[in-house]
Amino acid sequence: MRFQYPRPADWSTALSAALDAWSDETPCTLLCYDERWRGALAQWEAEGGELPDHFLPLPIWRTTIFSEEWLLYALIRGVARVVLVSAAESEKPALLRAAAMVQTVFEALGDPYAAERVAIVCETTPEALTKRFSAPLSPYVSPGRFRFRLQTEKNDSMRLIRDALAKLAAERQVDAPVLLPSGSSWGAVAVTDRCTLCFACTGVCPTQALQAGGGIPKLQFTEARCVQCGLCANTCPEQAIELTPRWNPSQEANQAVILRQSEPAYCAECGAVLGPRSVLDKMVATLQSHPLFGQPDRQLLLRLCADCRVKAQFRETDPVRIWEL
């Protein structure tokens, strides 16, 4: 879920315009607050209070619109620090999770001020806030280097953000995956030996990070598409899927990798692909003690596709009747 207003594209346009007009010689501390704190700031300024020169005030609708997408975008655009004034304590946990992910990413890039790039502030006065952040920070990314805008779809925005971070990581020779805090929207998926290649996970994956291998029984995964929603793990009937929040700065994140693959089983008559051979062999071994499939000719029915199985049953001269079992 996300706010329909302001739209990400509108917010990024406003921020880009403000940063384009900002002097590159002065580090920018982006101060974001909503109308619940706007009155306190207006009253303080009317009484003679003044924000430091490195503060760029940007009123917003709600501080809860900020996620890792918005925070990363601001820092990549050249903002030195983002200060979010949240008027409600209940909003703080979600903001802190997003800030923790951003901090981990910039720590991996070697930023000595990674822990200070995002500040979540609750129940504070303008005077106390200006004293706390009176010293400016130098931006980690040169202002104006990346000029893209946030897109309507979050996945499109995150793809642009990942590309920018990948360039920064390549310059600093960071190519190993970096573990992220729990709840982060980037990560990897792994499957255990319990996976039967039923492909239930591919049907619920909203970003197509998990895909079937077409005519070959295999499960493919593209890490750059994964948003760690957990739908695949919750849907898997074998509980064979494990999620790992992490940021992979290498180009491998954009390439599909095979998580599990099996030799295909073919219909004994028409040659159509039935599915993984390992699953079919296990099914035959399990059912061979059943009275209905005790004879070899009856077991052959298990190795036929649906159409050929019906034809084979009609050809039988002495079919097994259910009341005879």
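Summarised in this report is the structure supplied together with it. (Residues numbered from 1 in each chain as written. Predicted model: local features only at pLDDT ≥ 70, side-chain atom pairs only at ≥ 80, totals over all residues. Heavy atoms only, no water.)

This part is about helix α1 (residues 8-21). Here α1 is 14 residues long and its end C-alpha atoms lie 20 Å apart, about the 20 Å a rise of 1.5 Å per residue gives. Within α1, burial applies to Pro8, Trp11, Ser12, Leu15, Ser16 and Leu19. Down the axis of α1, the buried side of the element spans an arc of 130 degrees, and every buried residue falls inside it. As for α1, its buried residues are in contact with β1 (29-33), β2 (55-59) and α3 (68-76). (Helix = DSSP H or I, 4+ residues; strand = E, 2+ residues; numbered from the N terminus. Expected span 1.5 Å × (residues − 1). Buried < 20%, exposed > 50% of the residue type's maximum accessible area, 1.4 Å probe, protein only. Arc of directions from axis to C-beta. Contact = heavy atoms within 4.5 Å.)

For the coordinates displayed, the defined rule picks out 4 aromatic pairs. Residues phenylalanine 66 and tryptophan 70 carry aromatic rings whose centres are separated by 5.8 Å and whose planes lie at 55 degrees to one another, so their mutual orientation is tilted. Over the ring of tryptophan 186 we find arginine 162; its NZ or CZ atom is 4.8 Å from the centre of that ring. (Phe/Tyr/Trp six-rings, centres within 6.5 Å; stacked < 30°, edge-to-face > 60°. Lys NZ or Arg CZ within 6 Å of the ring centre and 35° of its normal.)

Our focus in this paragraph is the pattern of salt bridges. Under the defined criterion, the tally for this structure stands at 13 salt bridges. We note a salt bridge from arginine 81 to glutamate 116, for which the minimum N-O separation is 3.3 Å. Taken together, the residues arginine 81 in strand β3 (residues 81-86) and glutamate 116 in the loop between α4 (92-108) and β4 (118-122) connect sequence positions 35 residues apart. Arginine 277 serves as the salt-bridge partner of glutamate 263, at 3.7 Å between the closest nitrogen and oxygen. Of this pair, glutamate 263 sits in the loop between β10 (256-261) and β11 (264-266) while arginine 277 sits in helix α9 (residues 277-287), and the two are 14 residues apart along the sequence. Note on glutamate 263: relative accessible area 53%, which makes it exposed. Among the charged side chains, a network of salt bridges with common partners joins Asp20, Arg77 and Arg147. (Salt bridge = Lys/Arg side-chain N within 4 Å of Asp/Glu carboxyl O.)

A word on the nonpolar core. By size, the foremost hydrophobic cluster in this structure holds 49 residues, and its most contacted members are Trp11, Leu30, Phe66, Ile161, Leu165, Trp186 and Trp247. Discounting chain neighbours no more than four positions away, the residues touching leucine 165 are Leu72, Ile76, Val105, Leu109, Trp186 and Trp247. If you look at the next biggest cluster of nonpolar residues, it comprises 16 residues, including Val189, Cys205, Cys236 and Ile241. (Core = buried A, V, L, I, M, F, W, Y, C linked by side-chain atoms within 4.5 Å.)

In this section: the packing of α3 against helix α6 (residues 154-171). Direction vectors running N to C along α3 and α6 enclose 40 degrees, while the axes themselves pass 10 Å from each other. In terms of axis orientation, α3 runs oblique to α6. Relative to α6, the crossing made by α3 is left-handed. Between α3, through Glu68, Glu69, Leu72, Tyr73 and Ile76, and α6, the contact on the second element is made entirely by Lys154, Ser157, Met158, Ile161, Ala164 and Leu165. Here the contact of α3 with α6 is composed, by residue class, of 7 nonpolar, 1 polar and 3 charged. (Axes fitted to C-alpha atoms, helices over the stretch in contact; angles between N-to-C directions. Parallel < 35°, antiparallel > 145°, perpendicular 65-115°, else oblique. Left-handed = near helix turned anticlockwise from the far one by under 90°. Nonpolar A, V, L, I, M, F, W, Y, C, P; charged D, E, K, R; others polar.)

This part covers the sheet that holds β10. Pairing within the open sheet is antiparallel, and its 3 strands lie in the order β7-β8-β10. The strands lining the two open edges of the sheet, one partner per strand, are β7 (210-212) and β10. In this sheet, neighbouring strand axes are inclined to one another by 30 degrees on average, regardless of whether the strands run parallel or antiparallel. (Pairing = 2+ DSSP bridges.)

For the rest of this paragraph, the subject is the packing of α1 against α3. Where α1 contacts α3, the two axes come as close as 11 Å, and the packing angle between them is 20 degrees. Taken as axis vectors, α1 and α3 run roughly parallel relative to one another. Relative to α3, α1 is oriented so that their crossing is right-handed. Contacts between α1 and α3 pair Pro8, Trp11, Ser12, Leu15 and Ser16 from the former with Glu69, Trp70, Tyr73 and Ala74 from the latter. Here the residues of the contact of α1 with α3 are counted per class, giving 6 nonpolar, 2 polar and 1 charged.

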